[in-house]
Amino acid sequence: NQKETKEARIQHMPPPQIAEGQKFRIRGLTFEGNTVFSDKQLRSRIRSNQYFPVLKKGLLSREVIATDTALLRKFYRDRGYLEAEVRHNIDISPNYRDAVVVFEIVEGPLYTVAAIEIKGNEVFTANQIKRIMNLNVGDVYSEDTLIHSQHAIYKMYGKLGYIETRLVRTDGQVGRHRDIGMDRIFHETDPLVDVIVNIFEGNRHIVGDVRIRGNQVTQEKVIQRQLRGVDPGRYFDGDGLERTRRRLGQNPLFREAQVTVLGEVEQEVRDVLVEVVEADTGQLSFGAAVNSDAGVVGAIDLVQRNFDVADLPESSGEFFRGKALRGAGQYFSLSLQPGNRISRYSATLREPYFLETAYFVEGSGFYFQREREDWDEQRIGGRSRVGQRFGDVWSAFITPRAEQIS
């Protein structure tokens with residue numbers, strides 16, 4: 001009975017009424033207490049915008065203001081003001097439509113580096129390590145600088161095959177990614193910091209076998225082109241190993257890619273396992289359009305990013321099941337646009353590593369026809385591209401083009 005009474009009372013309760021209230025516009029963004037950085041510099045670090053007719057709405061959001069407060073605090077502390085504090089006040093106008101946001105800043109002292117001590121190093125001298133750290137006694141203390149210095153140390157050791165090198169703090173914390181593996185001792189009376197770099201160098205490792213798994217369609221040579229710093233029989237290149245992970249992860253032929261160094265850290269020779277999950281690399285689309293000037297036009301577009309011009313189908317069934325013309329990492333596109341007044345046809349084939357060299361070649365051809373009121377237009381042409389890569393960033397190419405117009 002009590003349960004039925006409660007349910008009946010809930011059913012007869014009036015629906016909740018919500019008063020949304022008035023939206024506030026930011027009419028002013030001001031900063032107080034800042035002497036080191038100008039208002040313009042600080043304003044560029046926050047997300048809130050001051051209202052400006054037509055161009056900026058300038059709506060007030062307490063969540064965004066709280067985020068801006070944290071961003072300003074981080075901005076100061078990343079530049080050596082480790083005791084910086086930032087607070088905000090929101091002044092609402094009497095008309096309850098406008099607001100002024102005031103950021104109150106206590107900058108505090110500027111911390112500098114008093115000493116740098118290197119421990120555990122045998123492969124490189126302390127001076128060599130300090131030079132690549134880009135951090136000197138007397139410089140402004142910045143955690144971002146320490147993180148970049150840490151990565152530079154890993155890169156320097158990794159170039160020689162020391163891929164297990166780590167920076168370790170006295171509390172056992174290992175510095176990886178955004179975690180700093182350096183001890184920082186803050187002076188009690190002065191804004192000074194001692195930086196202690198304790199290096200665990202580890203062993204130097206040689207690349208053994210490189211095994212590739214997960215490629216059902218893609219040929220191994222296509223994956224091997226993306227490998228850097230993992231040449232069998234040679235010492236590892238730690239920086240190249242990271243670039244290999246990035247290159248495979250950004251490659252459109254794969255949805256996922258993972259590179260794992262096998263074996264124990266005590267072993268001199270260690271194998272490498274490359275695992276990939278292939279992506280859908282083909283695309284087929286159909287379309288049609290009716291235009292008062294161009295008439296009726298159809299469209300069939302085919303794109304294959306993992307094409308193999310040498311893998312010819314042995315039967316029509318193999319072709320339609322997608323078991324042929326795939327796997328060599330070539331790019332192929334075919335566009336058919338027939339129409340009663342305008343027709344376009346084009347095809348492109350690109351080989352990114354011609355004969356497994358640094359050269360790349362591309363060829364394309366097209367046909368265009370249009371029936372006008374007083375004349376007919378016809379274009380037949382083609383374009384080729386021949387180029388060479390210089391490393392992973394730079395390349396140069398030439399592109400001759402020929403076209404016959406009637």
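Structural data are supplied above this passage.
Residues numbered from 1 in each chain as written. Predicted model: local features only at pLDDT ≥ 70, side-chain atom pairs only at ≥ 80, totals over all residues. Heavy atoms only, no water.

Remark on secondary structure: sheet strands pair via backbone hydrogen bonds, oriented parallel or antiparallel. One open sheet holds the three strands; their spatial order is β8-β10-β9, and the pairing between them is mixed. Since the sheet does not close on itself, it has two edges, and those belong to β8 (206-213) and β9 (254-261), each with one partner. Taking the axes of each pair of neighbouring strands and ignoring which way they run, one obtains an average angle of 15° across the sheet. The pairing of β9 with strand β10 (residues 269-278) spans seven bridges and is classified as antiparallel. Looking across to β10, one finds that Phe254 is bridged to Glu278. Contacting β9 and β10, helix α7 (residues 238-250) runs over the sheet at an angle of about 160° to β9. (Pairing = 2+ DSSP bridges. Helix = DSSP H or I, 4+ residues; strand = E, 2+ residues; numbered from the N terminus. Axes fitted to C-alpha atoms, helices over the stretch in contact; angles between N-to-C directions. Contact = heavy atoms within 4.5 Å.)

The terminal C-alpha atoms of helix α5 (residues 143-158), which comprises 16 residues, lie 22 Å apart, in line with the 22 Å expected from a rise of 1.5 Å per residue. Considered for burial, the residues of α5 that qualify are Leu146, Ile147, Ser149, Gln150, Ile153, Tyr154, Met156, Tyr157 and Gly158. Against the buried residues of α5 lie α4 (126-133), β5 (166-167), β6 (183-186), β7 (192-200) and α7. Two or three places before Asp144, at the opening of α5, Ser142 has a side-chain oxygen 3.3 Å from that residue's backbone nitrogen. (Expected span 1.5 Å × (residues − 1). Buried < 20%, exposed > 50% of the residue type's maximum accessible area, 1.4 Å probe, protein only. Polar contact = N/O pair within 3.5 Å; in protein donor to acceptor, adjacent residues only side chain to side chain.)

If you look at the biggest cluster of nonpolar residues, it comprises 23 residues, and the most contacted ones within it are Ile129, Met133, Ile153, Tyr157, Met182, Val197 and Ile199. Counting only elements with at least two residues in this core, the list comes to β4 (112-119), α4, α5 and β7. Those residues in contact with Val197 that lie beyond four places of it in its chain are Glu117, Ile118, Lys119, Met133, Ile153, Leu167 and Met182. In terms of nonpolar packing, the next biggest core, distinct from the first, is built from 18 residues, Phe75, Tyr76, Tyr81 and Ala84 among them. (Core = buried A, V, L, I, M, F, W, Y, C linked by side-chain atoms within 4.5 Å.)

Our next topic: unusual backbone geometry. Unusually for a residue other than glycine, Leu325 sits at a positive phi of about 60°. With respect to the element layout, Leu325 can be found in the loop between α8 (316-320) and β13 (330-337). Phi at Leu355 is positive, roughly 55°, even though this residue is not glycine.

Time to look at the packing of aromatic side chains. Across all of its chains, the model carries 12 aromatic pairs by this definition. Pairing Phe75 with Tyr76 gives two aromatic rings, centres 6.1 Å apart and planes at 85°, and the pair type is edge-to-face. Considered together, Phe75 and Tyr76 belong to a single accessibility category, that of buried residues. Taken together, the ring pairs in this structure connect Phe37, Phe75, Tyr76 and Tyr81 into an aromatic cluster. For the cation-ring pair, Arg385 lies above Phe397, with the distance from its terminal atom to the ring centre recorded as 4.3 Å. (Phe/Tyr/Trp six-rings, centres within 6.5 Å; stacked < 30°, edge-to-face > 60°. Lys NZ or Arg CZ within 6 Å of the ring centre and 35° of its normal.)

End to end, α7 covers 19 Å across 13 residues, agreeing with the expected 18 Å (1.5 Å per residue, within 8%). All of the buried residues in α7 are Gly238, Asp239, Gly240, Leu241, Thr244, Arg247 and Leu248. Close packing links the buried residues of α7 with α5, α6 (220-224), β9 and β10. Between the side-chain oxygen at the start of α7 and the backbone nitrogen of Asp239 there is a gap of 3.1 Å, and the oxygen is on Asp237.

The next thing to look at is the pattern of salt bridges. Tallied over the full model, the rule gives 25 salt bridges. With a closest N to O distance of 3.3 Å, Arg184 and Glu143 form a salt bridge. Here Glu143 lies in helix α5 and Arg184 lies in strand β6, a separation of 41 residues in the sequence. On the basis of relative accessible area, Glu143 is assigned to the partly exposed category, the value being 35%. Each of Arg228, Asp239, Arg243, Arg247 and Asp392 takes part in salt bridges that share partners, so that together they form one network. (Salt bridge = Lys/Arg side-chain N within 4 Å of Asp/Glu carboxyl O.)

Turning our attention to the sheet that holds strand β1 (residues 25-32). Across the sheet, three strands lie side by side as β1-β3-β2; this open sheet has mixed pairing. Bordering the open sheet on either side are β1 and β2 (85-92), each of which pairs with just one other strand. Across the sheet, the axes of successive neighbouring strands diverge by a mean angle of 20°, strand direction being ignored. Here β2 runs beside strand β3 (residues 98-106); their pairing, made up of eight bridges, is antiparallel. Note on β3: the bridge partner recorded for Val86 is Ile105. With respect to the sheet, helix α3 (residues 62-77) is in contact with β1, β2 and β3, its orientation differing from that of β2 by roughly 150°.

Relative orientation of the contacting elements α4 and α5 amounts to 125°, with a least axis distance of 8 Å. On the basis of the axis angle, α4 is oblique to α5. Read as a crossing pair, α4 and α5 show a hand that is right-handed. Residues Gln128, Ile129, Ile132 and Met133 of α4 lie in contact with α5, whose contacting residues are Ser149, Ala152, Ile153, Met156 and Tyr157. Tallied by class, the residues present in the contact of α4 with α5 amount to seven nonpolar, two polar and no charged. (Parallel < 35°, antiparallel > 145°, perpendicular 65-115°, else oblique. Left-handed = near helix turned anticlockwise from the far one by under 90°. Nonpolar A, V, L, I, M, F, W, Y, C, P; charged D, E, K, R; others polar.)

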